[in-house]
Amino acid sequence: MKENKPLIEGDQLLAILSALANPHRLRIIAALAAGGRNYVSQLARDIGISRPLLHLHLQKLEQAGLVTSRLELSHDGKALNYFETAAFAVALTPEAIAEAVKSLTTNLEK
């Protein structure tokens, strides 16, 4: 009997692959996976990039569904934006890609 795995939509697959096609974003995922959730300033220090650049990369990762964020207040009243990895698994098999292509809405002619 064949397993019923959730299919990934074509546009979502493109977003995930695009988000992961950057060394900074791979480092962000790795840092969050290893150290757990973290707030932006500390994560920027840990990875060694500026906060504005980190925000751009986190935004791309969040749009792809690879990380989640939550705004929290610290004990001294500062707003801290915490990020953590989302649970994700992407099967990159020829069959999975062929299935995802069927639902692509992205116009490649642009």
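Cut-offs and rules
- Residues numbered from 1 in each chain as written.
- Predicted model: local features only at pLDDT ≥ 70, side-chain atom pairs only at ≥ 80, totals over all residues.
- Heavy atoms only, no water.
- Salt bridge = Lys/Arg side-chain N within 4 Å of Asp/Glu carboxyl O.
- Helix = DSSP H or I, 4+ residues; strand = E, 2+ residues; numbered from the N terminus.
- Buried < 20%, exposed > 50% of the residue type's maximum accessible area, 1.4 Å probe, protein only.
- Core = buried A, V, L, I, M, F, W, Y, C linked by side-chain atoms within 4.5 Å.
- Pairing = 2+ DSSP bridges.

Caption draft 1: Layout of the pattern of salt bridges. Applying the stated criterion across every chain yields a total of three salt bridges. Measuring nitrogen to oxygen at the nearest pair gives 2.8 Å for the salt bridge that ties R37 to E72. Taken together, the residues R37 in the loop between α2 (23-35) and β1 (38-39) and E72 in strand β2 (residues 67-73) connect sequence positions 35 residues apart. Taking relative accessible area as the criterion, R37 reaches 38% and is therefore assigned partly exposed. Between R70 and E72 there is a salt bridge; the shortest N-O distance is 3.6 Å.

Caption draft 2: Just the nonpolar core, in detail. Membership of the largest hydrophobic core comes to 17 residues, with the highest contact counts inside it found for I28, L43, L54, L58, L61, L66 and V67. Broken down by secondary-structure element, the contributors of at least two residues to this core are α1 (10-20), α2, α3 (40-47) and α4 (51-63). In terms of residue count, α3 provides more of this core than any other element does, four residues in total.

Caption draft 3: Focus on the pairing of β2. Summarising the sheet, β2 and strand β3 (residues 79-85) pair through seven bridges and their orientation is antiparallel. Note that in β3 the partner of L73 across the bridge is A79. If you look at the hairpin formed by β2 and β3, you'll find five residues sitting between the two strands, and G77 has a positive phi there, around 90 degrees.

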